[in-house]
Amino acid sequence: MLSFKQALAAFLVVSCYATGALAYTPEFNDDGTPKRPVAGYVPKVWPCVVAIVLWGFTAVVAWTHWFRMGRQRYLLTLTISLLTMVLGYALRIGVANSPYSVGMYAFDTLLILLSPCAFLAVNYMLLTRLAQSLGEEVTKKCLFLPHRVVVKLFVWVDVICFLLQGSGGGMTAMEGNIANIGHDVSLAGLIIQVISYGFFSLLLLTFIFRVRKNYPSSYYASNSEGWSALSLLKKTPVTDWRILAHAMVLSSVGVMVRCIFRIAEYSGGYDSYLATKEGYFYLLDSLPLWLAFTLYLFLWPARFIGANEIAPNFIAHHNNLEMGTARPIVLDNSYEAKQ
């Protein structure tokens, strides 16, 4: 029997496909050929190839980090969604070759729309785990929402936003006032998503400032590794949690740029300038997201979450190496160092 999560995922897939099929009503010339492609333009192949290379690089390195640094289950959300993003751009080449195929366009849109939702969930989970790594007292007093509520609240808001966009898109295929209502419903879903993530960004910033104000010993306790923490190869833990927190802030900027672009694009309608110019999609949607989450390759979250407990073991191990009495350190699946 399907679990609730599996049923929900299946429902989202079906609804997205149905929306893609319903939202487009093709118009034909006198000779029976379609007047315009499903996407409003024929996608160019070379930008798709560039996107596949860039997102593919990020996916390969992310999976390498995941296997090398503890295989944390919560980071599977990031690694899997990176793969679906690569697949989405691969299907975009299919859309370029079959620009009038509603099915191809629908599945391509499914992957490129849903993958960023998973990216947002990564930041939700990172904030709660980062807060908990500083202790229960800091978590309770510096997060103005209970940490157990954060992920569930924002993920469900994202699900509702997606359903609003999907149902609204289907209504726009109808005639009269229903089409206008559908446009407003879809736009409302996009606006709610921006407000929701803006609220999360406020939660993140407030947490950082509250720790700095109320728990300076926790804020300044660690010796900052600074730019030396940036690395595609290092596995050693980083005790300065502020570096990851600031990376999350930068990541959130990229997410907000993408969300605001989507609102501007949809507000203009199906035939708007932004909706029919492919360059804006790559410049204001794909590129900000790629930069936002490629940043985590250099600051892999597993190096920061719980680093205050891990680091002393590495330090002791290093000292023992100098004395010639070291025993091997074993990293288990929860990325805890044991000596």
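Basis of the calculations
Residues numbered from 1 in each chain as written. Predicted model: local features only at pLDDT ≥ 70, side-chain atom pairs only at ≥ 80, totals over all residues. Heavy atoms only, no water. UniProt positions renumbered as here; feature names shortened; annotations may be inferred. Phe/Tyr/Trp six-rings, centres within 6.5 Å; stacked < 30°, edge-to-face > 60°. Helix = DSSP H or I, 4+ residues; strand = E, 2+ residues; numbered from the N terminus. Buried < 20%, exposed > 50% of the residue type's maximum accessible area, 1.4 Å probe, protein only. Axes fitted to C-alpha atoms, helices over the stretch in contact; angles between N-to-C directions. Parallel < 35°, antiparallel > 145°, perpendicular 65-115°, else oblique. Left-handed = near helix turned anticlockwise from the far one by under 90°. Contact = heavy atoms within 4.5 Å. Polar contact = N/O pair within 3.5 Å; in protein donor to acceptor, adjacent residues only side chain to side chain. Core = buried A, V, L, I, M, F, W, Y, C linked by side-chain atoms within 4.5 Å.

The name given to the protein chain in an unreviewed UniProt entry is RTA1 like protein-domain-containing protein, and the organism recorded there is Leucosporidium creatinivorum. UniProt, in the comment section headed Subcellular location (unreviewed entry), describes the protein chain in these words: "Membrane".

Caption draft 1: How the structure looks around the packing of aromatic side chains. Following the criterion strictly, the structure yields 20 aromatic pairs and no others. Relative to Trp-241, the ring of Tyr-219 has its centre 5.9 Å away and its plane inclined at 80°; by these criteria the two rings are edge-to-face. Taken together, the residues Tyr-219 in helix α8 (residues 216-219) and Trp-241 in helix α9 (residues 241-267) connect sequence positions 22 residues apart. Each member of the pair, Tyr-219 together with Trp-241, is buried. Among the aromatic residues, ring-to-ring pairing joins Tyr-124, Phe-144, Phe-154, Tyr-197, Phe-199 and Phe-200 into one connected group.

Caption draft 2: Fine view of the packing of helix α4 (residues 102-133) against α9. Two elements in contact, α4 and α9, have axes whose closest approach is 11 Å; the angle formed by their N-to-C orientations is 150°. For the element pair α4 / α9, the angle class is roughly antiparallel. Crossing angle aside, the handedness with which α4 passes α9 is left-handed. Of α9, the residues touching α4 (which contributes Ile-112, Leu-113, Pro-116, Leu-120, Asn-123, Leu-126, Leu-127 and Leu-130) are Trp-241, Leu-244, Ala-245, Met-248, Ser-251, Ser-252, Val-255, Arg-258 and Arg-262.

Caption draft 3: Spatial organisation of the side chain of Ser-81. Examined against the element boundaries, Ser-81 turns out to sit in helix α3 (residues 76-97). We classify Ser-81 as buried; its relative accessible area is 3%. At 2.7 Å, the side chain of Ser-81 forms a polar contact with the backbone oxygen of Thr-77. Ser-81 has contacts with Leu-76, Ser-115, Ala-118 and Phe-119, leaving out every residue within four places of it along the chain.

Caption draft 4: The nonpolar core, seen in detail. Judged by nonpolar contacts, the single largest core of 71 residues is most densely connected at Trp-55, Phe-207, Val-211 and Trp-300. Those elements that place two or more of their residues in this core are α2 (45-68), α3, α4, α5 (136-142), α6 (147-171), α7 (177-214), α9 and α11 (278-298). The biggest single contributor to this core is α4, with 11 residues. Once you skip the residues sitting within four places of it in the chain, Val-211 turns out to touch Leu-134, Val-138, Cys-142, Pro-216, Ser-218, Tyr-219 and Trp-241.

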